[in-house]
Amino acid sequence: MKKFLSEFKAFALRGNVMDLAVGVIIGGAFTALVTSLINNLINPIIGCFSLDGFSGLSVTVGKATLTYGAFIMDVINFIIMAFVVFLLIKAVNKLATIGKKEEKEAEEAAEEEEPKPTTEDLLAEILEEIKKK
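Remember, it's a predicted structure, so these values are computed and weren't measured experimentally. (Residues numbered from 1 in each chain as written. Predicted model: local features only at pLDDT ≥ 70, side-chain atom pairs only at ≥ 80, totals over all residues. Heavy atoms only, no water.)

A. Region of interest: the overall build of the protein chain. Per the secondary structure count, the protein chain includes 4 helices and 2 strands. The order of helices and strands in the protein chain, counted from the N terminus, is α-α-β-β-α-α. Computed over the C-alpha atoms, the radius of gyration of the protein chain is 31 Å, more than 25% above the 14 Å expected from 2.2 N^0.38 for a compact globule of 133 residues. Dimensions along the principal axes, computed over C-alpha positions, put the protein chain at roughly 105 × 55 × 25 Å. When contacts within the protein chain are restricted to residue pairs at least 6 apart in sequence, those whose partners lie at least 24 apart make up 37%. Carbon and sulfur atoms make up 67% of the accessible area of the protein chain, which totals about 11600 Å². (Helix = DSSP H or I, 4+ residues; strand = E, 2+ residues; numbered from the N terminus. Rg over C-alpha atoms; globule rule 2.2 N^0.38 Å. Contact = heavy atoms within 4.5 Å. Areas by Shrake-Rupley, 256 points an atom, 1.4 Å probe, with all protein chains shown as cover.)

Listed below in structure tokens is the structure:
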């Protein structure tokens, strides 16, 4: 039992599991934010083109009521959510590129500061090594 608990502790406290937990929490908060954007800003604008918006659209077939308007709104919500995630990923990639560019410029500047040995210096070092042998 003690070995089982120690294995579980090692699993639960691994970096990947903690990163995943943080991702899920931030993802939930992000989803709530985008849902609020859709419900409070975008859906009312879409509702201007229809009296009740799309969510009230339905058709009855026999005893079943098919609410295709709600499906249309879910598709629109998905597209908006995907677009927002795309913009977020694009911004993160841009920031990562800027960071890499600054690192590369710093490395190039450091390389330029170091004096490169001349051919004569290299030949002199080779000659000294030969004389030592």
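B. A nonpolar patch on the surface, seen in detail. A cluster of nonpolar residues, Val59, Val61, Leu66, Tyr68, Phe71, Ile72, Val75, Phe78 and Ile79, forms a patch on the protein surface that exposes about 850 Å² of accessible area. Taken together, the elements giving at least two residues each to the nonpolar patch come down to β1 (59–61) and α3 (68–113). A per-element tally of the nonpolar patch places α3 first, with 6 residues. Counting through the fold element by element, Tyr68 comes out in helix α3. With a relative accessible area of 40%, Tyr68 lands in the partly exposed category. (Patch = residues over 30% accessible without salt bridge, like charges linked within 9 Å, V, L, I, M, F, W, Y side chains within 5 Å. Salt bridge = Lys/Arg side-chain N within 4 Å of Asp/Glu carboxyl O. Buried < 20%, exposed > 50% of the residue type's maximum accessible area, 1.4 Å probe, protein only.)

C. Up close: the environment of Gly69. Examined against the element boundaries, Gly69 turns out to sit in helix α3. Accessibility expressed as a relative area gives 0% for Gly69, which makes it buried. Put simply, Gly69 and Gly56 are 13 residues apart on the chain and 6.0 Å apart in space, counted from C-alpha to C-alpha. With residues near it in sequence (within four places) discarded, Gly69 still touches Phe54, Ser55 and Leu57.

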